[in-house]
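So the chains spell out like this:
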Amino acid sequence: MMENVLTLKNVSYKYEGSKKMVLKNIDAAFEAGKVYTIVGKSGSGKSTLLSLISGLDVVTEGEILCGEIDLKKVNRDNYRARSIGVIFQSFNLLTNATAVQNIVLSMNISESPEKDKKAYAYNLLERMGIDQETADRKILKLSGGEQQRVGIARALAHNPQILIADEPTGNLDVETEKDILAIFTALAHEENRCVIIVTHSRRVTSIADVIYGIQDGKISVVK
Amino acid sequence: MYILKNALQNLVRNSGRNLMMGIIVFVIIISVVTALMINNTAGSVINDYKTRFSSEVTFSPNMQRMQEEARRNSTGGTIRMTPPPAMKPEELLAFGQSEYLQKAIYTAETKGNSDKLKAIDADKGGGGGIMFFRGNASGNTEAESLGQQYFHRVLTNYYEDFENGLRALEEGRFPENINECIISAELLENSGLKVGDTVTVTSVLQELGGESGDMNYTDISWELMIVGVYADITDEYNNDFMQNAYTNRRNEILTTFETIADKMVEGFFGIDITAKYYLKNPDMLDAFTAEVRAKGLSDLYDVFTDAGSYERIVAPVEGLKRISITFVIIVLVFGSIILALLASIAIRERKYEIGVLRAMGMKKMKVVLGLWSETLVITAVCLIFGLGVGMMVAQPVTNVMLKQQIDAAESAQNNNSFSPQGMMTVTSVGMGRVGGGMPGRSDAEPLKELKISLDFITIIEIIAVALFLSSLAGIIATQKIIKYEPIKILMERN
Ligand SMILES: Nc1ncnc2c1ncn2[C@@H]1O[C@H](COP(=O)(O)OP(=O)(O)OP(=O)(O)O)[C@@H](O)[C@H]1O
Ligand SMILES: [Mg+2]
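Please read these numbers as outputs of a predicted model, since none were measured by experiment.

Quick notes on the rules
Throughout this document, residue positions are counted from 1 along each chain, in the order its sequence is written. Chains carry letters from A onward and ligands carry numbers from 1 onward, assigned in written order. Whole-chain, interface and lining totals are the exception, using all residues; otherwise, since this is a predicted model, local features are given only for residues with pLDDT of at least 70 and side-chain atom pairs are given and counted only at 80 or more. In computing side-chain values, all of the structure's heavy atoms are included and hydrogens and water are not. Ligating atoms shown are N, O and S within 2.8 Å of the metal, or 3.2 Å for Na, K and Ca, and water is not included, meaning a site may look less than complete. Think of it this way: any DSSP run of H or I at least four residues long counts as a helix, any run of E at least two long counts as a strand, and we number them from the N terminus. Burial here depends on accessible area, computed with a 1.4 Å probe over protein chains only, as a share of the maximum for the residue type. Under 20% is buried, over 50% is exposed, and the range in between is partly exposed. One side-chain nitrogen of Lys or Arg within 4 Å of one carboxyl oxygen of Asp or Glu is enough to make a salt bridge. Whether two aromatic rings pair depends on their centres lying within 6.5 Å, for rings of Phe, Tyr and Trp, where Trp uses its six-membered ring; planes under 30 degrees apart make the pair stacked, over 60 edge-to-face, and the rest tilted. Between two residues, a contact is recorded if the distance between any of their heavy atoms is within 4.5 Å. Here the buried area means the combined drop in accessible surface, using a 1.4 Å probe, for two parts upon being joined, counting both sides. Residues are counted as near a molecule or strand when any one of their heavy atoms sits within 4 Å of it. For the purposes of these results, a polar contact is taken to be a pair of N or O atoms within 3.5 Å, where, inside protein, one atom must be able to donate a hydrogen and its partner to accept one; residues adjacent in sequence count only when each atom of the pair is a side-chain atom. Ten residue types, Ala, Val, Leu, Ile, Met, Phe, Trp, Tyr, Cys and Pro, are classed as nonpolar, four, Asp, Glu, Lys and Arg, as charged, and the remainder, Gly among them, as polar.

Draft legend 1. Broad picture of the coordination of the magnesium ion (ligand 2). Residues and elements named next belong to chain A. For the magnesium ion (ligand 2), the protein coordination sphere consists of S47 (OG) and Q89 (OE1), at 1.9 to 2.5 Å. Linking S47 in helix α1 (residues 46–53) with Q89 in the loop between β6 (84–87) and α3 (99–109), this pair joins segments that are 42 residues apart in sequence. For S47, a relative accessible area of 31% puts it in the partly exposed group. Classification of Q89 as partly exposed rests on a relative accessible area of 44%.

Structure, rendered in structure tokens:
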């Protein structure tokens, strides 16, 4: 059996100041080397679950283990900077900085050992279909799809063990989506990373090894 | 390191906002630089004058109280003024034992004759007794000295002439112990003596207040060893009027204070003691006065420093200093408020950016450090230019403001002119004398010019102000950022 990189035990969550439990007693496990997708209706709590997994928020009840360690007990800044990469539904890039600056800054925060961070960033963006001219433009001056690809590149820049993506291909054409999905699959299957994708898209779920469904705050294995 | 680099990039990215921040900081710094330079220069001028003019203490009889005293003691309608009680040497020494004094300088002087010393110009006779003046045959006034005749002044105050280069030790050393003395080379030669010889010096003290006319005298004498000899280029005589062996400066015998004071006899005069007291700080005058009163100084004496002249000279500069410090405070208070507002607006604007950085795993303190570096860079740039511009404007601003202060002081003075309290120095009715300087400087002109300069302390203060301004922004940023959770910021945005 593969080792779990992430384990959710009896996780419940409600937003501060709200009465409604968004997630109720969830148990789930994520292994290295697999692609996971999480599906569910809008407002079902998918993004909420991702924010817990990515250490941006803490559970109300239960625990999330990264390997053996409870996320509540680790420095979550370091966890976000080194262990995981997040592709946000709304990108969350520094809009005033250029694409390449966004990636270099992220590498700096993660204390990436890469010597020539700039060259590495150009290269990574190139792989995401962003040429050098585009990479030197401010995020504000990029299209939605381009921004999304910069977001993906940033999430990959520090080679995280876990990659989390919230609707990563929502703004992409079919061709680009295919390329990106191929990268995700390769990361999981060839580099033994754990890839977790929230999506509505059938094309995305088609690459999944495991599919979780969220409904009424409960999680279930669909595939 | 990347934090600083990112901060610099941010400065360029948000140039509009930073320019505004910069202008405000710049204005604050110029104002503070100018005002602080004026303030500190004025401060050092004031301190200089304070120590020069108002630290020397003067004891002076209060005429009004003396008259009252005389009236009270008068019998049968005649008012007879008596001099204020003399200050005894013991008292003068006791007054000098005070923690408020930076120093007390005592000098002693008496008259003497010697067995082995052969005075120069001895043929002109001695002096130092009671003087008579009378016209001589050729119509000139001639001074004649009656009573005891002396050929030598015996002094302790020999430092000044040596410091001024009018006298220089030729051989031996200065007197250090009791019963040691030095004399001029001429006197030594005239007497056929050499360094190391001992001479006997005698004098006579007279009883105080012998009203009956039959006064009591007491003889005193010293065995003084000549421990040094000096070359003397002072004028032999201070005037043409009384020239005799006693007034000839070559005949002076210089010894220690203890040597002379040792021979004092209570109730007798003939030895003059002078004390000069210097306060550590003119503000200690009241405390010192209380102390000397407790030690027995008569109410008939006023204790004061020459504060009048000092105030007249320094008043305009003090006005300038007050204005400048008020200005600094106002600028700093208002400037800080504006900057604080600006900083908190800026932070709110950049909330999203902070959320993104935090989501990427940047630690709170590093985010703060980044924002702080930005304001630090802005302030540093403003500091450099502000110092330059401030240095250029400080002098003209000072000139205009000082002129106004002088005009104001002058018109105030015309209405309320300063008159020094009825003053008189007490000379040796008794044996003591206090305070050499008569406060005769009351015609002192106010300072008309103030040369502004930038000293080290001012630079340090300005840097402190700049650091304070930039830290203010930093502190506000820290407060907000510590409260922010990245997920909340990002969700608000979405
Ligand atoms: N800050 C908040 N405070 C209170 N309730 C919130 C907050 N943010 C989200 N919710 C609620 O939590 C539930 C889950 O939201 P979430 O964003 O996780 O949904 P989602 O599954 O990602 O939806 P979508 O597919 O539209 O992105 C929703 O009902 C939403 O209204
Ligand atoms: Mg969502």
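Draft legend 2. Looking closely at unusual backbone geometry. Of note, E167 of chain A is a non-glycine position whose phi angle comes to about 50°, a positive value. As for its placement among the helices and strands, E167 of chain A is situated in the loop between β7 (162–166) and α7 (174–189). We classify E167 of chain A as buried; its relative accessible area is 13%. At N179 of chain B, a residue that is not glycine, the phi angle is positive and equals roughly 65°. Considering the arrangement of structural elements, one finds N179 of chain B in the loop between β6 (167–172) and β7 (180–184). The exposure class of N179 of chain B is partly exposed, given its relative accessible area of 27%.

Draft legend 3. Geometry of the pattern of salt bridges. Residues and elements named next belong to chain B. Tallied over the full model, the rule gives 27 salt bridges over all chains. R173 is the partner of E176 in a salt bridge, and the nearest nitrogen-oxygen pair spans 4.0 Å. Residue E176 is classed as exposed on the basis of its relative accessible area, which comes to 57%. On the basis of relative accessible area, R173 is assigned to the partly exposed category, the value being 31%. Across the pair R250 and E186 runs a salt bridge, and its minimum N-O distance is 3.3 Å. A residue pair is termed long-range when its members are at least 10 positions apart, and R250 in the loop between β9 (217–232) and β10 (253–255) and E186 in helix α6 (residues 185–191) qualify at 64 residues. You can call R250 buried: its relative accessible area is 8%. You can call E186 partly exposed: its relative accessible area is 32%. Here the salt bridges do not stand alone but share partners, grouping E109, R153, D161, R167, E186, D232, R249, R250 and E252 into one network.

Draft legend 4. Just the packing of aromatic side chains, in detail. Residue and element names in this part refer to chain A. Enumeration over the complete set of coordinates arrives at nine aromatic pairs over all chains. Geometrically, the ring pair formed by Y13 and Y15 is edge-to-face, given 5.0 Å between the ring centres and 90° between the ring planes. Measuring from ring centre to ring centre gives 6.1 Å for Y36 and Y212, while their planes differ by 5°; the resulting arrangement is stacked. Remark: Y212 occurs in strand β9 (residues 210–215) and Y36 occurs in strand β3 (residues 35–40); sequence separation between them is 176 residues. As far as the burial class goes, Y36 and Y212 line up, both buried.

Draft legend 5. Seen up close, the interface of chain A and chain B. Each side of the interface is counted separately: chain A has 26 residues, and chain B has 24 residues. Across the chain A/chain B interface, buried area totals approximately 2100 Å², and carbon plus sulfur atoms make up 57% of it. Our enumeration of links across chain A and chain B arrives at one salt bridge. With its nearest N and O atoms 2.9 Å apart, the salt bridge here joins D77 of chain A to R358 of chain B.

Draft legend 6. Just the site of ligand 1, in detail. In the vicinity of ligand 1 lie 14 residues, with S42, G43, K46, S47 and T48 of chain A positioned nearest. Neighbouring residues of ligand 1 are distributed over chains A and B. Here K20 of chain A contributes a side-chain N or O atom positioned 3.2 Å from an oxygen atom of ligand 1. G43 of chain A has a polar backbone atom sitting 2.8 Å from an oxygen atom of ligand 1. Ranked by residues supplied to the shell around ligand 1, first place goes to α1 of chain A with three residues. Of the residues that constitute the shell around ligand 1, the class distribution is three nonpolar, eight polar and three charged.

Draft legend 7. How the structure looks around the side chain of S54 of chain A. Residue and element names in this part refer to chain A. Residue position: S54 is located in the loop between α1 and β4 (61–66). In this structure S54 comes out as buried when scored by relative accessible area, which is 2%. A polar contact of 3.3 Å, which involves the side chain of S54, links it to the backbone oxygen of S51. In this structure S54 touches Y79, R80, I84, V86 and I164, once residues within four positions along its chain are discounted.

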